[in-house]
Number of protein chains: 2
Amino acid sequence: MATNLLVGQSGGPTAVINASLAGVFESARAFGYEHVYGMQYGIEGLLEGRLVDLNDRLGDKMAIELLKRTPSSYLGSCRCKLPEFAVNEKPYKTLFDLFERHSIGAVLYIGGNDSMDTIAKLAAYGETKNSPIRFIGVPKTIDNDLMGTDHTPGYGSAAKYIATILKEVICDSSVYDLRSVTVAEIMGRHTGWLAAAASLSKGSDCAGPDIILLPERPFEEETFLKRVADLTAEHRSVIIAASEGVKNRDGVFLCDLVSTAGQLDAFGHKAILSGTSRYLADLIRVRLGCKTRAIEFSTLQRCASHLASRTDITEAYQVGGAAVEAAFNGQTGQMCGIVRLSDLPYRTATALTPVAQVANREKKVPDEWITPDGLHLTPEFERYARPLIQAELTPIYINGVPQHIHLDV
Amino acid sequence: MATNLLVGQSGGPTAVINASLAGVFESARAFGYEHVYGMQYGIEGLLEGRLVDLNDRLGDKMAIELLKRTPSSYLGSCRCKLPEFAVNEKPYKTLFDLFERHSIGAVLYIGGNDSMDTIAKLAAYGETKNSPIRFIGVPKTIDNDLMGTDHTPGYGSAAKYIATILKEVICDSSVYDLRSVTVAEIMGRHTGWLAAAASLSKGSDCAGPDIILLPERPFEEETFLKRVADLTAEHRSVIIAASEGVKNRDGVFLCDLVSTAGQLDAFGHKAILSGTSRYLADLIRVRLGCKTRAIEFSTLQRCASHLASRTDITEAYQVGGAAVEAAFNGQTGQMCGIVRLSDLPYRTATALTPVAQVANREKKVPDEWITPDGLHLTPEFERYARPLIQAELTPIYINGVPQHIHLDV
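Read on for a plain summary of the structure. (Residues numbered from 1 in each chain as written. Chains lettered and ligands numbered in written order. Predicted model: local features only at pLDDT ≥ 70, side-chain atom pairs only at ≥ 80, totals over all residues. Heavy atoms only, no water.)

## What about the overall build of chain A?
- Looking only at helices and strands, chain A features 13 helices and 13 strands.
- The C-alpha radius of gyration computed for chain A amounts to 23 Å, which stays within 12% of the reference 22 Å derived for 409 residues, consistent with globular compactness.
- Over its C-alpha atoms, taken along the principal directions, chain A stretches across nearly 75 × 45 × 45 Å.
- Counting across all 409 residues of chain A, residues that qualify as buried make up 63%.
- Here chain A contributes 41 positively and 48 negatively charged side chains, and the mean placements of these two sets differ by 1 Å. (Helix = DSSP H or I, 4+ residues; strand = E, 2+ residues; numbered from the N terminus. Rg over C-alpha atoms; globule rule 2.2 N^0.38 Å. Buried < 20%, exposed > 50% of the residue type's maximum accessible area, 1.4 Å probe, protein only. Lys, Arg positive; Asp, Glu negative; His and termini not counted. Charge placed at Lys NZ, Arg CZ, Asp CG, Glu CD.)

## Considerations on helix H8 (residues 221-234) of chain B
Residue and element names in this part refer to chain B.
- Taking 1.5 Å per residue as the helical rise, H8 with its 14 residues ought to reach 20 Å, and the 20 Å between its terminal C-alpha atoms agrees with that figure.
- Within H8 the residues assigned to the buried category are Phe-224, Leu-225, Val-228, Leu-231 and Thr-232. The arc that holds every buried residue of H8, seen down its axis, measures 125°, which confines them to one face. With respect to the buried face of H8, the exposed residues turned more than 90 degrees away are Lys-226, Ala-233 and Glu-234.
- In this structure, the buried residues of H8 make contact with strand E6 (180-186), strand E7 (211-213), strand E8 (237-243) and helix H10 (276-288). (Expected span 1.5 Å × (residues − 1). Arc of directions from axis to C-beta. Contact = heavy atoms within 4.5 Å.)

## Notes on the relation of the copies chain A and chain B
- Mapping chain A onto chain B is achieved by rotating through 180° and translating by 0.0 Å along the same axis, at an RMSD of 0.0 Å. As the rotation angle and translation indicate, the two copies are arranged about a two-fold axis.
- Interface residue correspondence from chain A to chain B reaches 100%, placing this contact among same-surface, isologous pairings. (Least-squares fit on C-alpha atoms with pLDDT ≥ 70 in both.)

## Structural notes on the pattern of salt bridges
- Counted according to the given criterion, the structure contains 48 salt bridges over all chains.
- The residue Glu-48 of chain B makes a salt bridge to Arg-50 of chain B at a minimum N-O spacing of 3.8 Å.
- Residue classification places Glu-48 of chain B among the exposed positions, given a relative accessible area of 55%.
- Its salt-bridge partner being Lys-160 of chain B, residue Glu-392 of chain B comes within 2.7 Å of it at the nearest N-O pair. In this pair, Glu-392 of chain B sits in the loop between helix H13 (379-385) and strand E12 (397-398) while Lys-160 of chain B sits in helix H6 (residues 155-173), placing the two residues 232 residues apart along the sequence.
- In this structure, a network of salt bridges that share partners links the residues Asp-150, Arg-340, Asp-343 and Arg-383 of chain A. (Salt bridge = Lys/Arg side-chain N within 4 Å of Asp/Glu carboxyl O.)

## A closer look at the interface of chain A and chain B
- Taken residue by residue, the interface counts 71 residues in chain A and 71 residues in chain B.
- Counting every contact that joins chain A to chain B gives four salt bridges.
- The closest approach of N and O atoms between Asp-172 of chain A and Arg-302 of chain B, which form a salt bridge, is 2.7 Å.
- In this assembly, chain A and chain B are joined by 36 residue pairs in polar contact (both at pLDDT 80 or more). (Polar contact = N/O pair within 3.5 Å; in protein donor to acceptor, adjacent residues only side chain to side chain.)

## Regarding the nonpolar core
- Within the largest apolar cluster, 84 residues are counted, with the highest numbers of intra-cluster contacts made by Tyr-155, Phe-297 and Phe-381 of chain A together with Tyr-155, Phe-297 and Phe-381 of chain B.
- Leave out the neighbours within four places in its chain, and Phe-297 of chain A touches Tyr-161, Ile-162, Ile-165, Leu-166, Val-169, Ala-184, Glu-185 and Ile-186 of chain A. (Core = buried A, V, L, I, M, F, W, Y, C linked by side-chain atoms within 4.5 Å.)

## Looking at the packing of helix H4 (residues 90-101) of chain B against helix H5 (residues 113-128) of chain B
Residues and elements named next belong to chain B.
- Put simply, H4 and H5 touch, their axes get as near as 11 Å, and they point 80° apart. If you check the angle between H4 and H5, you find them roughly perpendicular. For the pair H4 and H5, contact is made by Tyr-92, Lys-93, Leu-95 and Phe-96 and by Lys-121, Leu-122, Tyr-125 and Gly-126, respectively.
- Of the residues in the contact of H4 with H5, the class split is five nonpolar, one polar and two charged. (Axes fitted to C-alpha atoms, helices over the stretch in contact; angles between N-to-C directions. Parallel < 35°, antiparallel > 145°, perpendicular 65-115°, else oblique. Nonpolar A, V, L, I, M, F, W, Y, C, P; charged D, E, K, R; others polar.)

Structure, rendered in structure tokens:
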């Protein structure tokens, strides 16, 4: 009898992907699944038979509380896409044998659009075999680029982190009585959701960024420089938030304009210069002659659990739980996303969308939320994003640092 | 009659320099100083007569609470050293005229060793003029390199930030089933106190960094690569914390080994490649053939108030207050530092040291706290540093982000 549930995590980590795992685990136990198994390193590890019984690990409430506060993927992750089963059935046979051996009734996969592709393929394959196993996707990505959900769990925490540290960087930028331009580089190779979150630093005590550059609009050098020149004439410290994915009119990433210059590292090899902010800071320095500095917000954007949004943690937990409920009720090939009921008061519900409508697609920042000059956001963005960064979940500090939980410790 | 007190902030900001300002302000009012004036942009702004009455700004308790939670220098800062008065008396005349005009009885300067030089010179000049004005220094620097104090206010918060985010980066680094080396670059051009704080990420749930490189020891390339090779054979994810100030045997900064390669930026100008972590990551990649990544912890180390140490905030406030008391009691030319009474329980007191013994000197990490191979810290460091990162002061979140207070908003 198919009495157990299997869950995996895939793609880049977030601050709240483990909150979804907590939601899946607790709901699965509540719905009567006997064992909850975890895939180690996603579908890639599963193909090697790497599977762990989570009942032994997450049984007590303190483990769940730590899990909600631990960034990155507790189970480990992968970036692996299954082949079409018409082309290569072998991995499917391996997986379905394993599901049978472990009496798996439901498979949940927490991830982005590549992970939804995995769920779509497994569900489709299962259907051809009349398998009773249900396959449900749980959305997760800091990029907020998934269709079929108002927003993605993981985005709110990344947005809160970006808004908070940009606010602190703005404090830091005006400390000396000097004119300067600070360029903060924010994640998001294809969409500008994360860079747009920089605008949330604005408040009664902070003017926020002066310019926000998104990949949704081509970079217009002269318009940009003209605006920067005007801003430096107006005030001392100018702040620019730039998505790493900003491209010029020819569709070339600004960061590639740096690295294609044929630079070598100190050892004579091709240099790795991550560089949208560096490119823009150099451009401003050379063309306008101001003091500039480039700051990369780095990988912390996806792993700063100490500054996670409680709204995000709660919703991540909820979609995990609702995905279990959907599987229990016989649904398959669906992703359990978030529907917004109202902005004020902010209220949401969970809802299912066929994964085939989600996989391999990308949701961009709506054009009408970007100002006509392409250099900032309209108030619609704040109306959408501000509720997602509300409230906090205090870390459990031990010895002065937040405590986490790991599978291998 | 000299009934007012003047306070300034100088040098690089910290997360708690404003807590010292809060301590100065509240104590000055309690000791009966009528007005507390603030220098805008330190001694540099003061020379231009830029001075603000803080009674109008910090009078209510909510302002004080926000001040304790606002990073960077509320009053603005400068990097300005006074000339010897024997060489150029003019700025001294300007300043002492201004002190007299505003009935200043005490001048407090919150800063690092350059600021203590300013206090030393003002006190010495005052003495030659039989001035009744008292000059007291309040220590502040994330670098922890000041003599005359067990540790500097600002260091504990930077250390807590570094330990916390390294812990989160370590979670992030082990998400895929891949061998990799992560090099985190930490501030500290001349001393390794901040890089050493990376070791505080270690706990029951985290192994901490595998290697810590400090400027106190010359970088030995072969010893280092041998150790990294051994570590990559032992475990999947190797973590290195490197001070930006690491130098080779010839005294050349590793980051200068990158930028002296004659690189040009995308505009044909000399490239600015900040790069100790980049240098090390490239070295490991080229010599050992592993996947590496370089992360700079950036300016957030000095301005992450959202993650400040409550111990640090409390002590920063205390030295500010005790400095006022010292001035009130007739002391001058002194810095009010911290004396450690015991490690466990952690207890401290404040104490005065003549600024002349502090100015222009530098305290390094003791040689015996570094392991013989120069690649890690001994337990003595943790005994010293662990108490400094204890406890938190919750930010006041408004609209999802921490609220701050500014002079100009």
